[in-house]
Structure formats: C-alpha cells, structure tokens
Amino acid sequence: MKASAGLDLFKTPLVLKIAGFTLITLTFFYLGKHWSSNGDQQVLFFSSSPGTSVGVSPNYGKSFNVTALIAQNQTDTVSEPEPTQSPSSDSAAVEQPPPPPAKELDRTFGIIDGDGKMSDDFEVGEVDPEVVENWGNETEIDSGAGEGSRAKIKRFELCPESMREYIPCLDNVEAIKKLKSTEKGERFERHCPEKEKELNCLVPPPKGYRQPLPWPRSRDEVWFSNVPHTRLVDDKGGQNWITKAKDKFRFPGGGTQFIHGADQYLDQISKMVPDIAFGNHTRVVLDVGCGVASFGAYLLSRDVVPLSIAPKDVHENQIQFALERGVPAMVAAFATHRLLYPSQAFEIIHCSRCRINWTRDDGILLLEVNRMMRAGGYFAWAAQPVYKHEQALEEQWEEMLNLTTRLCWELVKKEGYIAIWQKPKNNSCYLSRDEGVSPPLCDQDDDPDKVWYVDLKPCITRIPENGYGANVTAWPARLHTPPDRLQSIQMDAYISRKELFKAESKYWSEIISGYVRAWHWKQLKLRNVLDMKAGFGGFAAALIDHGFNSWVMNVVPVSGPNTLPVIYDRGLLGVMHDWCEPFDTYPRTYDLLHASGLFSVERKRCNMSTIMLEMDRILRPGGRAYIRDTLDVMEELQEIANAMGWHSALHDTSEGPHASYRILVCDKRLLRS
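On a predicted model such as this, the values are computed, not experimentally measured, just so you know.

(A) Spatial organisation of the overall build of the protein. Along the backbone of the protein there are 19 helices and 23 strands. The burial tally for the protein puts 50% of its 673 residues in the buried class. Sequence-distant contacts, at least 24 apart, represent 67% of the contacts inside the protein between residues at least 6 apart. For the protein, the computed accessible surface area is about 32,500 Å², with 52% contributed by carbon and sulfur atoms.

(B) Looking closely at the nonpolar core. If you look at the biggest cluster of nonpolar residues, it comprises 149 residues, and the most contacted ones within it are Tyr 341, Trp 358, Phe 379, Trp 521 and Phe 599. The element that contributes the greatest number of residues to this core is strand 13 (residues 373-382), accounting for 7 residues. Beyond its immediate chain neighbours, meaning those up to four positions away, Phe 599 contacts Met 608, Ile 611, Met 612, Met 615, Ile 627, Asp 629, Val 633 and Leu 637. Of all hydrophobic cores here, the second largest spans 9 residues; its members include Val 227, Phe 249, Val 292 and Phe 321.

(C) Main features of the state of the cysteines. Per the stated rule, a full pass over the model turns up 6 disulfides. The side chain of Cys 408 participates in a disulfide bridge whose partner is Cys 429; the two sulfur atoms lie 2.1 Å from each other. With the S-S dihedral at roughly -85°, the linkage between Cys 408 and Cys 429 falls on the left-handed side. Here Cys 408 is found in the loop between helix 12 (391-406) and strand 14 (410-415), whereas its partner Cys 429 is found in helix 13 (residues 428-431), with 21 residues between them in sequence. Taking relative accessible area as the criterion, Cys 429 reaches 29% and is therefore assigned partly exposed. Linked covalently through their sulfurs, Cys 580 and Cys 606 form a disulfide whose S-S length is 1.9 Å. Across the disulfide from Cys 580 to Cys 606, rotation about the S-S bond amounts to roughly -70°, and the bridge is consequently left-handed. With Cys 580 in the loop between strand 18 (573-577) and strand 19 (590-596) and Cys 606 in the loop between helix 17 (599-602) and helix 18 (608-618), this pair connects stretches of sequence that are 26 residues apart. Like Cys 580, the residue Cys 606 is buried in the burial classification.

(D) Seen up close, the pairing of strand 13. Judged by how many residues are buried, strand 13 sits mostly within the fold: 10 of 10 residues are covered. Relative to strand 13, strand 12 (residues 346-352) runs parallel, the two sharing 6 bridges. Counterpart to Ser 352 in the pairing with strand 13 is Ala 382. For the segment spanning strand 12, helix 10 (residues 360-372) and strand 13, crossover handedness is right-handed. By the bridge criterion, 5 bridges tie strand 13 to strand 15 (residues 418-422) in an arrangement that is antiparallel.

(E) Structural context of helix 15 (residues 538-545). Most of helix 15 sits out of view: 6 of its 8 residues are buried. Every buried residue belonging to helix 15 is among Gly 538, Phe 539, Ala 540, Ala 541, Ala 542 and Leu 543, and all of these are buried. Against helix 14 (497-519), strand 16 (528-531), strand 17 (551-557) and strand 19 lie the buried residues of helix 15. Immediately beyond the C-terminal end of helix 15, within one or two residues, lies Gly 547, with a positive phi of roughly 80°.

(F) Summary view of the packing of helix 18 against helix 19 (residues 631-643). As a packed pair, helix 18 and helix 19 sit with axes 10 Å apart at the nearest point and diverge in direction by 45°. In terms of orientation, helix 18 and helix 19 fall into the oblique class. Helix 19 is crossed by helix 18, and the crossing has right-handed handedness. Side by side, helix 18 and helix 19 meet where Met 608, Ser 609 and Met 612 of the first sit next to Val 633, Glu 636, Leu 637, Ile 640 and Ala 641 of the second.

Analysis parameters
- Residues numbered from 1 in each chain as written.
- Predicted model: local features only at pLDDT ≥ 70, side-chain atom pairs only at ≥ 80, totals over all residues.
- Heavy atoms only, no water.
- Helix = DSSP H or I, 4+ residues; strand = E, 2+ residues; numbered from the N terminus.
- Buried < 20%, exposed > 50% of the residue type's maximum accessible area, 1.4 Å probe, protein only.
- Contact = heavy atoms within 4.5 Å.
- Areas by Shrake-Rupley, 256 points an atom, 1.4 Å probe, with all protein chains shown as cover.
- Core = buried A, V, L, I, M, F, W, Y, C linked by side-chain atoms within 4.5 Å.
- Disulfide = S-S within 2.5 Å.
- Pairing = 2+ DSSP bridges.
- Right-handed = clockwise from strand over helix to strand, strands pointing away.
- Axes fitted to C-alpha atoms, helices over the stretch in contact; angles between N-to-C directions.
- Parallel < 35°, antiparallel > 145°, perpendicular 65-115°, else oblique.
- Left-handed = near helix turned anticlockwise from the far one by under 90°.

Worth remembering: the numbers are spatial, not functional.
So this is what it looks like as structure tokens:
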C-alpha cells in the first residue's frame, strides 16, 4: 500500500508542473551562459524579430559621455514638468550623436562646471566664440516620402554678407524704383517683397559680432563691431551725439539742440511745464527723428518709457544704434500713411530738429501727431524757427503758430530753443471755431485706431465725448488699473472685460514666476523683449512686477482684436503688425521673443517658416525664443527651428503632459559659413 501511494504522489499534476518548470529554467540558464561566454559580457533581451528569441543590445560596443547625458537630462527637466518625447525618437537610440566637448557643455548649459560639479551660478545666452557653429551655405530640403507628405527644410542657408542689415519691407529697391512719386517720403514707407521674393535665408551678423553690453552700461557705450558704421560720428560728432574710442562707440548724451546733455534738457522741460511730471503724469513719450536716442535713453531713468522713431534715411543706422543701446525704438516715417500706433497713445510727442515740415499740405503731418497725442498731452518742438530771427525762419514760426491755433493747441511755454503746446482735453474748442475753418473735424464714423496701411487724413481726430483715453490713472497705478477704453475694444466679451483684464495679468504673473524658478530668468540678460501676440499686455506687466530691467514691444496682430489703446493706457508700448509680413526693425534687435498662441492662429493665413525666419532675423545671437502653443503645431515649429540652427527643446506646461499646450524653448546660435 505504501509503495503504491508513493507512485501516485509522483503522478499528481502539481509535482509534474514543478518538475517541468525546473527543467525549463535550467535549460535557459545553460543557453544564456553559453551564448554570453564569448568575449565581454553582453546584455540579453528578447527580440521581436521573426525567428529569434534573444539578441544583443544595440548599445553593445558603444561608449557614452555620462556627463553629457546628465547635463541634457537637467536641461530638459528644468521646466515645469518633464518634456514629452516626440514620436520620431525611436531611431535616436540606434544613432546617438557624438557628445559635445566638455567646454561647450560648460558654456551651453551652464549647469555643470568644468570640474563636473553642479552649479547654479551661470550665465545663459552668452555668445561664446568657441561654440560658434560652422553652418555651411546650402539649403537642404527633404521632399518627404509618399503622396501628400510635407516637404521638410533640413537646413536654411546663410544670406549674403550684403544683407546683414536687411529690413525686407524698407529695403525693397525694386518696389521703390516703381513709385510714381517720392516727394512726400513714400520711399521710407513699407514696400514688402512679393511672395516669391520673401526672405528664405538666415541674415548673418557682421564679422566680429559680440554679445551686446548689458544695460545700463549699454546706454553709454556699445561694441563697434556690432554696428560698424562711422557716418554718424563724422556727421554728428561735433554735436555730442556719438564718438568712437578703440573698439567701442560712446554716447556722451548730447543732441543737436541739447549739446550739453539730455539730462539738463529734460530738467529744462520739467521747469517750463511742471505739470508734465515725468514718471507720474507722463509715462509714454514719442521721440520723432530721434538720432541715436539719447533723449529716450535718459528718460528711462525717470520712470518714463520712450519710443524713439526715425526713417531709414541718410542717417540710416540711428535706430540700429538706439536698439543696440537698449532703448525702445522702431523704424518709422511721417509720410503718407498713419503710423502704427493708436490714438491718444503718448503723453508727450517730442521733435528736436527732426527735419519734418509740419505745416506742409495744411498740416497733415501735425494732424497725425494730434491723433496719437493724448487729450491734454504736450507737443515739444526744439528747432531753429523757435529761436532764430532770420526772415525765412520767422515765417516758418508764424505758419506753425497759425496751424496750431486752428488745431486748438495752446502755446504753454516758449523758452530758449523749445516751444511746448498742449492739446485740448475735449472737443469744445473745435466745435466753437468759425464755419469753414480748416482742417475740419473727422467724420463721426472715422476709427482713429485703424492704422494698418491707412492713409493720413486731413482732418482733426475727435476726442471721445465720454472722456475715454483722457482720464488715465497716474503711473505706476495705471499698470494694473483697467482703463476706460477696455470697454471700446471690439471683442466678444463685454460685461466681463475687467475680469478678463485682471485674469490675464494674474495668469502671466504666475507664468513668469514659474520661468524665474525653473529657467532662472533673473540670470538672463534680458533688455529688448518682443511679445508677438500681446493681448492686454499682461506679459509685459508681469516682467515689470518681477523687477526685470527690460522693456517690451507689445505687438497686436491685425488678425485679432485691436487692444493697442489698452496697452498704452497701461503705460506700455505697442504696435500693430501682420505677421504674414516682415517687422520694421533691424536684424539682431531683441534678446527675447515671446509668442503665445500665435502660430495656431496665424498658420491659417501665413507660412509658419516665413514667421520663423523673420524671428531669426530680429533675434540676437545668444537670444532666446519662447513659443507657447498647441501641440499640433509644435512638431513643425521644432523642425523649422532646427533647420535655422536654433537649439530647441520641447517642454510641458505646468498643466502636465496631457495638456494640449507645450512650450518650445529655442536658443539662437552664432552661425558662420
């Protein structure tokens, strides 16, 4: 009985299973030891290839720079959450790019020092000659495989050296030659290239280009190699505009009418009209025919944000000098079209020897000044007719007096070189003029904030009867006070506009706080900043709240609501623009380009590569672009960024990896052929 019971035990299913499992385990152990005994040990893994059960790791025999991998991981995870990987990353495991040299890692990422130690003490964005990229000079295009696939640009070529200061809509020689007339300054206005002649290459910097000097040092000196032009030194050196000393240009702070310095000149204006109150009542100022922008440069220290404008004329590099100094500036001309700024934008409009004939065509150019000047604002004119007693100049002064009287401007003060007028605060003076007096009031249906390719109008812009635009809060409270003109913006919301205004400010304040913590924005050398889709200006306001020593040009695209009046009522700068066309500024203008929700809207109207190439043109080497947009545009944007030589990384937002938005962070490198 006992022997029979023992045989039954071995026949039970449990024992058979245990024996079978043990046999299989021993078999695999023997095979694994036998296969891995040749040479060095290799990692085994199961393969999906037919006919094989095991295979060798594809990383066998390859060496890796662990420091580079750590640095890369640190860079990618410094954002709000960890970035998501693109679907095309499968092949990256097979073909690893060679690791960059240790010195390049040190300067590029700024997180691991030369000894391989972690460090938070670093500078971001500095152009290091040792990490300059040899770019070559051929455009490479991958036409894609299969019908309906999108052609991919692998690499954009560098433009010729002659294009290093190219402004597409202002340097269109062919279009300028076809103009029927140029007597009113038409050649200085926008004439954009046709589609087939749009910019399709990377505008190169001048030889010897260096990282711009930081503000406030840049107010007084800039590198000669960045703006290598001495014409202004030759023409204006005796007027204390600009001098050259070794490898730098220096700016003594003078001007044609204030050779003893802009500070003294500003003090004189303040004494002439105490109500101007720089930095309190007066926050936003337009300087016309600005020279090298010393007037604006010294206003900045008085808590005033100036906008310096001038045409690209015989002194064509004056705006380039202004921007290199870190002073807000744009290329713009009083000619035949409205300037791209809203009505009642500026508390003061200043012209010091700006070479504009204000009385031509019955004062149509001064009417444009009147449109942009805030109700109760001031026009300051420093010119020879104010103080010289030659017959021709005295006649010009009388013509100016006659015109300003018909515009209902009051001559508040005339002293030395300067005359200051004040615009009325309402329409009562206009309505009490004699019948037939010119210029007339504009029609009731005229929109004074419609500026994109709109002709100048020979009429006086009406001041809103409800006082909108005139009753702005003093600075700095006006930055966060919802202005009256918020209600006049043509947009879907009406009752909740103040809530939208406040919500946008809070949103961007939180975002900037995150950027400061995650990406160390306080250590970036941000001076000239462009917000490409500004809304109510919340991004710019957040930079001010966080103490950044920068200025922001807030762009309002023509494809959306015109929020420019609100931006100016907050005490900020802005301009209207269509991103399907080039921007009116010099190459290498901005340290930071910010685009939130821009491409998902504009791709319906514009080629995204056209916008990105324009961004490359106006971004400085060493500068950064932050693109915050929907996931469906990010793959193409990153392809274009890489084709332009930018170093890009895709990051999640604070909402996490499942959100529909991503942040594309791009660094522009200094390329050479």
